[in-house]
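# Reading the structure
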Amino acid sequence: MTTAQRRELIARAVAAKETSYSPYSRFRVGAAVLTDDGNIFDGCNVENASYGLAICAERNAIFRMAHAGHRSLVAVAVTSDHTSFITPCGACRQVIAEFAAKGTVVLLVSAKGRVKRVPFERIFPTPPDLASLKK
Ligand code: THU
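This section reports on the structure supplied with the text. These numbers come from a predicted model, not from an experiment.

## Looking at the overall build of the chain
Summing up its helical and strand segments, the chain has five helices and five strands in all. In the chain, the order of α-helices and β-strands from amino to carboxyl end is α-β-β-α-β-α-β-β-α-α. Its C-alpha atoms give the chain a radius of gyration of 14 Å, near enough to 14 Å, the size a compact globule of 135 residues would have. By principal-axis analysis of the C-alpha atoms, the chain measures approximately 40 × 35 × 25 Å. Per-residue burial over the chain gives 42% buried out of 135 residues. Taking the intrachain contacts of the chain between residues at least 6 apart in sequence as the baseline, contacts between residues at least 24 apart amount to 62%. When the accessible surface of the chain is split by element, carbon and sulfur atoms take 53% of a total near 7500 Å². Each charge class in the chain was averaged separately, 18 positive and 11 negative side chains, and the resulting centres sit 5 Å apart.

## Notes on the sheet that holds strand β4 (residues 100-109)
Strand order in the open sheet formed by five strands is β2-β1-β3-β4-β5, and the pairing between neighbours is mixed. For this open sheet the edge positions go to β2 (40-44) and β5 (115-119), each flanked by a neighbour on one side alone. Averaged over neighbouring strand pairs, the angle between their axes works out to 20° when direction is ignored. Those strands touched by helix α1 (residues 3-17) are β1 (29-35), β2, β3 (73-80), β4 and β5, and its axis lies near 145° from that of β1. On the sheet, helix α3 (residues 90-99) packs against β3 and β4 and is oriented at approximately 140° with respect to β4.

## Examining the nonpolar core
In this structure, V33, I62, M65, L73, I96, F99 and F120 are the most contacted members of the largest nonpolar core, which totals 23 residues. For this core, the secondary-structure elements that each account for two or more residues are β1, α2 (57-67), β3, α3, β4 and α4 (120-123). Looking at this core, the element that brings in the most residues is α2, giving five residues. With residues up to four places along the chain from it excluded, the contact list for I96 reads I62, L73, V76, P88 and F120.

## Focus: the site of the ligand
Taken together, the neighbourhood of the ligand is formed by S25, F27, V29, N45, E47, C56, A57, E58, I86, T87 and P88. The side chain of N45 places a nitrogen or oxygen atom 2.9 Å from an oxygen atom of the ligand. The side chain of E47 places a nitrogen or oxygen atom 2.5 Å from an oxygen atom of the ligand. Considering the ligand on its own, with 370 Å² of exposed area, one finds that the protein chains cover 78% of that surface.

## Some words on the pairing of β1
With seven of seven residues buried, β1 lies mostly within the body of the structure. Here β1 shows two buried faces, one formed by V29, A31, V33 and T35 and the other by G30, A32 and L34. With seven bridges joining them, β1 and β3 adopt antiparallel strand pairing. Bridge pairing links L34 to A75 in β3. From the end of β1 to the start of β2, which pair antiparallel, there are four residues, and G38 there has a positive phi angle of about 90°.

## Thoughts on α2
Within α2, eight of the eleven residues are buried, leaving the element largely enclosed by the surrounding structure. Here α2 has its buried residues at A57, E58, R59, N60, A61, I62, M65 and A66. Buried positions along α2 lie against β1, β2, β3 and α3. Just beyond α2, the residue with positive phi is G69, at close to 100°.

Rules behind the numbers
Residues numbered from 1 in each chain as written. Predicted model: local features only at pLDDT ≥ 70, side-chain atom pairs only at ≥ 80, totals over all residues. Heavy atoms only, no water. Helix = DSSP H or I, 4+ residues; strand = E, 2+ residues; numbered from the N terminus. Rg over C-alpha atoms; globule rule 2.2 N^0.38 Å. Buried < 20%, exposed > 50% of the residue type's maximum accessible area, 1.4 Å probe, protein only. Contact = heavy atoms within 4.5 Å. Areas by Shrake-Rupley, 256 points an atom, 1.4 Å probe, with all protein chains shown as cover. Lys, Arg positive; Asp, Glu negative; His and termini not counted. Charge placed at Lys NZ, Arg CZ, Asp CG, Glu CD. Pairing = 2+ DSSP bridges. Axes fitted to C-alpha atoms, helices over the stretch in contact; angles between N-to-C directions. Core = buried A, V, L, I, M, F, W, Y, C linked by side-chain atoms within 4.5 Å. Near = heavy atom within 4 Å. Polar contact = N/O pair within 3.5 Å; in protein donor to acceptor, adjacent residues only side chain to side chain.

Any functional reading would require information that these geometric values do not contain.
Set out below in C-alpha cells:
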C-alpha cells in the first residue's frame, strides 16, 4: 500500500461514517477496504429496529467490494467517533478472512485521526482452511 492509498483509504472510512444509520446505538462507524488492484470500497454500519439485524461498517464495505467483482483485499480501515481505537468484531474478522490477501493490514483510526496499524493475522491468527472448503 502506498502512502497515497493509505491516506485515501482512511479518508474514505472517515467520510463513510457520516452516512452511518445508527439511531439505536448512536455509535457511528465507517470502514473502507483496499483491493489488491488498488480499488477502494467504503461502508457504514446500518442498524435495524430488530437490533440483531444491524450490520457493521466493515462487512458493508466488503460486500460492496465483492458485489463489484473483487475477491482480494490488502487493507481495511475502521473508525468511529471515539478517541480510542475500535477493532472489527468477530463476525467481521471472519468475513475479512474470506478475502484477505497474505499480509493484509488493519488500520484502526481514532476520531482524532490517530492511526494504529495491526497485521490482520494478529487479530485473526487461525482462519478456517478456505482452500479445503472450496468446491
Ligand atoms: N459496529 C461496526 O460497524 N463495526 C465495528 O467494528 C464495531 C461495531 C457497529 C455495530 C452497531 O451498529 C454499532 O457499531 C454498535 O455496536
